[in-house]
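Tertiary structure, described
Letter by letter, the chains look like this.
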Amino acid sequence: MKKKLLCMTLVFALLTVSISIPDVTNWVAAAGTSYMKALGVNWDLKNNASVSFTEYYIGIGDQNYTAKITNYKLADAKKSGYKQLTFDLTIQSNWSPSQSQINKMVNTMNEKNVDSVGEGYYYTVVDYNTGTNLEKKNNYNVTVKKPKADVKQEEHTAAIGNTDWTIGLVKSAKSKGVTVTFPEDYDGVSIVVGGGNALNSGAYNDLKQKDDSFWDGKTAFGETSYYKKGKKNSHWMRVLTLEQYLFDKFGYQG
């Protein structure tokens with residue numbers, strides 16, 4: 001008997017806010033009081049710069065990955081008073097499992113009675129002041145159009161008892177041409193890229209309901225396994241126009 005098992009990979013929409021001056025996209029707002037600032041996450045995500053994170057795999061623990069945002073472009077949207085952002089996101093695996101690791105993942109998966117060996121990566125956007133996800137319909141008039149990711153997988157096999165298992169592990173994934181439309185005066189968008197810290201499958205993950213609720217826009221990021229089981233395993237960027245940055249930093253409004 002043969003069974004094929006694919007490592008579940010979370011691929012979610014990514015979002016950011018408008019700028020009109022070159023290089024301002026890399027400014028990280030540090031002033032002001034907000035839900036996201038209070039969490040103490042890594043505010044080090046920048047355009048054209050790689051960041052590292054880990055993804056959890058059952059039986060063998062955390063494994064290393066990198067993420068990079070490129071082709072980051074902003075322009076006026078067709079709709080008056082709105083901006084349109086486009087960019088690409090690339091995820092790259094930095095590890096290759098040994099046969100003993102493959103066997104251990106499959107054995108542990110069977111012991112725990114779950115249907116996946118890993119949780120994968122995620123990327124999305126949340127509101128800076130509330131920590132809620134903005135992919136769903138929201139009160140800020142932010143919309144996202146995301147392309148299907150180009151995913152490259154590497155297959156591995158394991159013979160456990162009388163069953164042959166095939167596991168597909170993601171080696172790279174590229175989301176090209178993510179498009180985000182948002183009001184030009186909205187300053188709450190925060191981009192996040194990171195890796196799953198717990199197996200989100202059945203009862204094995206006690207934070208599953210909070211994670212699912214987060215993606216529905218109902219639960220704040222700080223209540224999820226992405227934060228509670230890995231506070232520093234995500235990378236964030238808040239992007240502002242020059243006027244928004246000066247107001248947020250110094251209380252100046254031009």
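Parameters at a glance
- Residues numbered from 1 in each chain as written.
- Predicted model: local features only at pLDDT ≥ 70, side-chain atom pairs only at ≥ 80, totals over all residues.
- Heavy atoms only, no water.
- Phe/Tyr/Trp six-rings, centres within 6.5 Å; stacked < 30°, edge-to-face > 60°.
- Helix = DSSP H or I, 4+ residues; strand = E, 2+ residues; numbered from the N terminus.
- Buried < 20%, exposed > 50% of the residue type's maximum accessible area, 1.4 Å probe, protein only.
- pLDDT = per-residue confidence, 0-100.
- Contact = heavy atoms within 4.5 Å.
- Salt bridge = Lys/Arg side-chain N within 4 Å of Asp/Glu carboxyl O.
- Polar contact = N/O pair within 3.5 Å; in protein donor to acceptor, adjacent residues only side chain to side chain.
- Pairing = 2+ DSSP bridges.
- Axes fitted to C-alpha atoms, helices over the stretch in contact; angles between N-to-C directions.
- Core = buried A, V, L, I, M, F, W, Y, C linked by side-chain atoms within 4.5 Å.

Examining the packing of aromatic side chains
In the structure shown here, the tally under the stated rule is 15 aromatic pairs. Taking the centre distance of 5.7 Å and the plane angle of 70 degrees together, the rings of Trp43 and Tyr128 count as edge-to-face. Here the residue Trp43 occupies a position in the loop between helix H1 (35–39) and strand E2 (50–57), and Tyr128 occupies one in the loop between strand E5 (121–127) and strand E6 (143–145), the gap between them amounting to 85 residues. Looking at Tyr128, the relative accessible area reads 2%, which means it is buried. Residues Tyr121 and Tyr123 carry aromatic rings whose centres are separated by 6.3 Å and whose planes lie at 10 degrees to one another, so their mutual orientation is stacked.

Let's talk about the confidence of the model for the chain
Across the chain, the average pLDDT comes to 82, with 80% of residues at or above 70. Per-element averaging of pLDDT across the chain places strand E1 (residues 2–6) at the bottom with 47 and E2 at the top with 96. Within the model, the stretch residues 1–32 combines pLDDT values under 50 with 137 contacts to residues more than four positions away or in other chains.

Some remarks on the pattern of salt bridges
Considering all chains together, one arrives at six salt bridges under this definition. The residue Arg238 makes a salt bridge to Asp187 at a minimum N-O spacing of 3.8 Å. Residue Arg238 is found in strand E10 (residues 234–238), and its partner Asp187 is found in the loop between strand E8 (163–183) and strand E9 (189–195); the two are separated by 51 residues along the sequence. Salt-bridge contacts for Asp212 lead to Lys208; the nearest nitrogen and oxygen are separated by 3.3 Å. Here Asp212 and its partner Lys208 are both found in helix H3 (residues 208–215), four residues apart, which amounts to about one turn of the helix. Classification of Asp212 as partly exposed rests on a relative accessible area of 31%. In this structure, a network of salt bridges that share partners links the residues Lys210, Glu223 and Lys228.

Brief notes about the side chain of Ser34
Mapped onto the elements of the fold, Ser34 is located in the loop between E1 and H1. Under the relative-accessibility criterion, Ser34 is labelled buried at 7%. A distance of 3.3 Å separates the side chain of Ser34 from the backbone oxygen of Tyr128, its partner in a polar contact.

Thoughts on H3
Those residues of H3 that fall on the buried side of the exposure criterion are Asp211, Ser213, Phe214 and Trp215. Looking at the packing, one finds that the buried side of H3 touches E5 and helix H4 (225–228). One or two steps after H3, the chain reaches Gly217, where phi turns positive at roughly 80 degrees.

Concerning the pairing of E10
Counting buried positions along E10 gives five out of five residues, so the element sits mostly inside the fold. Of the two faces of E10, the one lined by Ser234, Trp236 and Arg238 and the one lined by His235 and Met237 are each fully buried.

Some words on the environment of Ile69
When you line up the elements, Ile69 lands in strand E3 (residues 61–76). As a C-alpha pair, Ile69 and Asp88 span 19 residues in sequence and 5.7 Å in three-dimensional space.

Details of the sheet that holds E10
Read across the sheet, three strands follow the order E5-E9-E10 without closing on themselves; strand pairing throughout is antiparallel. Each edge of the open sheet carries a strand with a single partner, namely E5 and E10. Strand after strand, the sheet turns through a mean of 20 degrees between neighbouring axes, direction not considered. Direction of pairing for E5 relative to E9: antiparallel, over a ladder of seven bridges. Across the sheet, the residue bridging to Tyr122 is Gly194, located in E9.

Notes on the nonpolar core
Generally speaking, soluble globular proteins have nonpolar side chains that are buried together. Among the nonpolar cores identified, the biggest contains 45 residues, and Ile91 and Met105 are the most heavily contacted of them. Elements represented by at least two residues in this core include exactly E2, E3, strand E4 (82–93), helix H2 (99–112), E5, strand E7 (150–160), E8 and E9. With eight residues, E8 is the largest single contributor of residues to this core. Excluding its chain neighbours within four sequence positions, the residues that come into contact with Met105 are Tyr57, Ile58, Ile60, Trp95, Val117 and Leu169. In this structure, Val41, Tyr128, Trp215 and Tyr227 belong to the second largest nonpolar core, which totals 13 residues.

Side note on the environment of Trp215
Structurally, Trp215 is set in helix H3. Here Trp215 falls in the buried class, since its relative accessible area comes to 9%. Separated by 81 residues in sequence, Trp215 and Leu134 place their C-alpha atoms 8.5 Å apart. For Trp215, the side chain forms a polar contact with the side chain of Tyr226, separated by 2.9 Å.

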